[in-house]
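# Per-entry structural report
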Amino acid sequence: MNTAQRARGLRWFEALTGGDGLIDGPRSVRAGDAPVGDELARCIAVVPDPANRFARARGGEVGLDEGWALAREVRRTMAQAQVGAQRALIAVVDVSSQAYGRSEELLGIHLACAAAADAYASARLAGHPVVALLVGKAMSGAFLAHGYQANRILALDDPGVLVHAMSKLAAARVTRRSLEALEELTARVTPMAYDVRSFARLGLVDELIGGVNADAPAAADLQCVRTALARAIAAARRAPLDLSQRLGSAAARELRAASIEVRRRLAEEWDES
Amino acid sequence: MSMLTRSSFIELNARERSRAILDAGSFRELLGPFERLKSPWLAPQGIVAQSDDGVVLARGLLDGASAVVAAIESGFQGGSIGEVSGAKIAGVLELALRGCERGRTVRPVLLIESGGVRLQEANLGLAAIAEIHAAIIALRRRVPVVAVIAGPVGCFGGMALAAALCSRIIMTRQARLGMNGPEVIEQEAGLLELDAADARLVWSLMGGEQRCASGLADVLVADDVTEIARQVRAAFAGVGGPRSEQVERFSARLAALDAQRPPAALELRQRWGAERAP
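Quick caveat, the model's predicted, so the values are computed rather than measured.

Right, let's get into the overall build of chain A. Secondary structure summary: chain A contains 12 helices and seven strands in total. Its C-alpha atoms give chain A a radius of gyration of 18 Å, near enough to 19 Å, the size a compact globule of 273 residues would have. Dimensions of chain A along its principal axes, counting C-alpha atoms only, are 50 × 45 × 40 Å. When each of the 273 residues of chain A is scored for burial, the buried share is 56%. Considering only residue pairs separated by 6 or more positions, chain A has 71% of its internal contacts joining residues 24 or more positions apart.

What follows is the structure, given as structure tokens:
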């Protein structure tokens with residue numbers, strides 16, 4: 001795996017906050033204040049730590065410590081005394097996967113990831129605008145824990161931004177397909193694709209941010225992303241606190257038509273006529 | 001009628017399980033198989049779709065109170081979550097929330113048998129699971145959300161997060177609850193990390209008995225229809241806060257462990273099991 005790509009989450013975090021964001025927790029979770037519009041948003045990232053005490057979580061995966069630290073940082077922001085509007089949260093997303101390991105399972109990594117998702121969703125329900133900024137990989141359980149509960153999802157329009165439920169190799173094995181057969185399907189079946197443009201076609205991206213250097217953001221790139229973040233925060237403040245807007249876009253009406261139809265018919269049948 | 005002998009819950013299919021959980025005669029299916037709401041993504045990949053997409057939804061009663069059950073059928077695509085099956089689960093939870101907000105409380109029960117995201121629908125399965133999470137977290141503030149994991153397929157991936165978000169988790173000895181399936185761990189981390197074929201090892205890490213004994217699930221039940229139906233009802237009598245909200249408690253527990261020498265399964269039961277939830 002390409003080091004430049006892996007470090008993207010950290011690069012964008014540092015660019016947005018102007019600091020290293022070390023917390024009194026694992027070095028793999030960073031949190032800091034990012035000026036966005038005329039406010040200071042709380043920015044959180046998961047980054048690689050080659051010395052991580054859990055060997056299976058050294059490459060920027062969301063492991064046990066990371067899941068719980070994310071939950072803690074989000075809930076700390078919620079607990080801060082507040083004057084005026086609730087503070088915005090920005091999840092900088094570059095997570096290759098959840099950690100795969102025996103200790104991880106025994107010690108409940110599913111719960112650690114759930115705790116992070118719970119914290120982000122609770123922040124959203126409490127009125128904090130939560131924005132996910134996809135700058136690298138947004139994979140599977142790691143994305144569910146860090147970013148997928150956001151009111152708004154933004155993504156850099158870049159080939160290194162990938163969204164999926166499982167790595168290609170593992171997905172090929174689990175579905176008993178050759179890598180070639182899987183590649184052919186990902187090109188033909190939109191939800192199976194890994195690239196962010198296909199993901200956006202599902203109506204799941206509120207803004208694809210084009211024309212920025214994803215690996216080495218210059219000042220203009222940063223300004224462009226800050227402006228998009230400010231737009232997303234303002235939009236989230238005007239919108240409902242649930243995720244219903246994800247099904248409202250023209251893209252969703254086309255490729256998530258079944259998700260909409262299921263809900264329409266369920267509402268009809270819910271109360272006995 | 002009294003039941004003197006055990007009647008297996010695991011051997012029932014999703015529809016029969018839902019019927020068995022609800023008060024006798026109260027089962028009313030929503031979006032039944034005759035509505036033919038199938039996955040639009042499977043046929044183009046040469047896979048035969050199923051007319052309920054592997055999820056059975058039913059309204060009914062629990063001790064006379066309004067309830068809704070969402071049951072996953074492990075016999076179809078390993079209980080995996082695709083666009084339609086995921087939207088069915090998220091959709092009923094969203095409607096239950098709307099009901100609760102209007103003062104019409106509905107008791108939600110999830111009967112989970114799932115390997116997680118259906119890889120043939122990858123990103124739409126993942127999106128649906130995020131919406132299931134969002135719905136559980138919002139609904140749980142109004143009414144307990146109860147998860148039952150009964151069969152050997154178990155509960156993995158994003159659906160394991162969903163179970164962990166619930167107010168109460170009921171498991172049998174046969175069931176498993178984990179983030180990553182053993183085969184995926186072996187594939188990603190190697191045979192030395194985990195031998196997926198070693199069933200005894202796998203169940204010692206993530207089986208129902210271990211999860212309940214180490215405080216990561218709530219109630220261990222026998223594979224018995226009457227007992228499971230009783231425990232589901234008891235779960236609504238009043239439960240503590242969900243584990244996923246107990247950040248300081250679990251962070252402290254984890255911080256106290258040595259990652260180089262993690263505790264064995266039995267030791268973890270002593271460390272975490274004895275301590276009762278607040």
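Now that the structure has been shown, the text picks up again.
This part is about the interface of chain B and chain A. Taken together, the contact between chain B and chain A spans 65 residues of the former and 64 residues of the latter. Ranked by residues supplied to the side of chain B that touches chain A, first place goes to helix 3 (residues 122–139) of chain B with 14 residues.

With that out of the way, let us pick up the domain arrangement of chain A. Put simply, an interface is often sized by how much accessible area is lost when its parts join up. Residue and element names in this part refer to chain A. Domain annotation for chain A reports domain 1 (3–241) and domain 2 (243–273). Placing the centre of domain 1 and that of domain 2 at their C-alpha centroids yields a distance of 26 Å. In this assembly, seven residues from domain 1 lie in contact with eight residues from domain 2. Along the lines of polarity and charge, the residues of the side of domain 1 that touches domain 2 split into four nonpolar, two polar and one charged.

The next subject is the pairing of strand 3 (residues 89–95) of chain A. Residue and element names in this part refer to chain A. With seven of seven residues buried, strand 3 is to be regarded as a mostly interior element. Neither face of strand 3 is left uncovered, since the one carrying Leu89, Ala91, Val93 and Val95 and the one carrying Ile90, Val92 and Asp94 both have all their residues buried. With four bridges connecting them, strand 2 (residues 39–46) and strand 3 associate as parallel partners. Bridge pairing in strand 3 links Cys43 to Ile90. You can see the chain leave strand 2, run along helix 3 (residues 64–79) and come back into strand 3, and the turn it takes is right-handed. Note that strand 3 and strand 4 (residues 130–139) share six bridges and pair parallel. Within strand 4, the position partnered with Val95 by the bridge is Ala138.

Cut-off values and rules
Residues numbered from 1 in each chain as written. Chains lettered and ligands numbered in written order. Predicted model: local features only at pLDDT ≥ 70, side-chain atom pairs only at ≥ 80, totals over all residues. Helix = DSSP H or I, 4+ residues; strand = E, 2+ residues; numbered from the N terminus. Rg over C-alpha atoms; globule rule 2.2 N^0.38 Å. Buried ≥ 20, exposed ≤ 12 C-beta atoms within 10 Å, placed from the backbone. Contact = placed C-beta atoms within 7 Å. Domains from an automatic or database assignment. Nonpolar A, V, L, I, M, F, W, Y, C, P; charged D, E, K, R; others polar. Pairing = 2+ DSSP bridges. Right-handed = clockwise from strand over helix to strand, strands pointing away.

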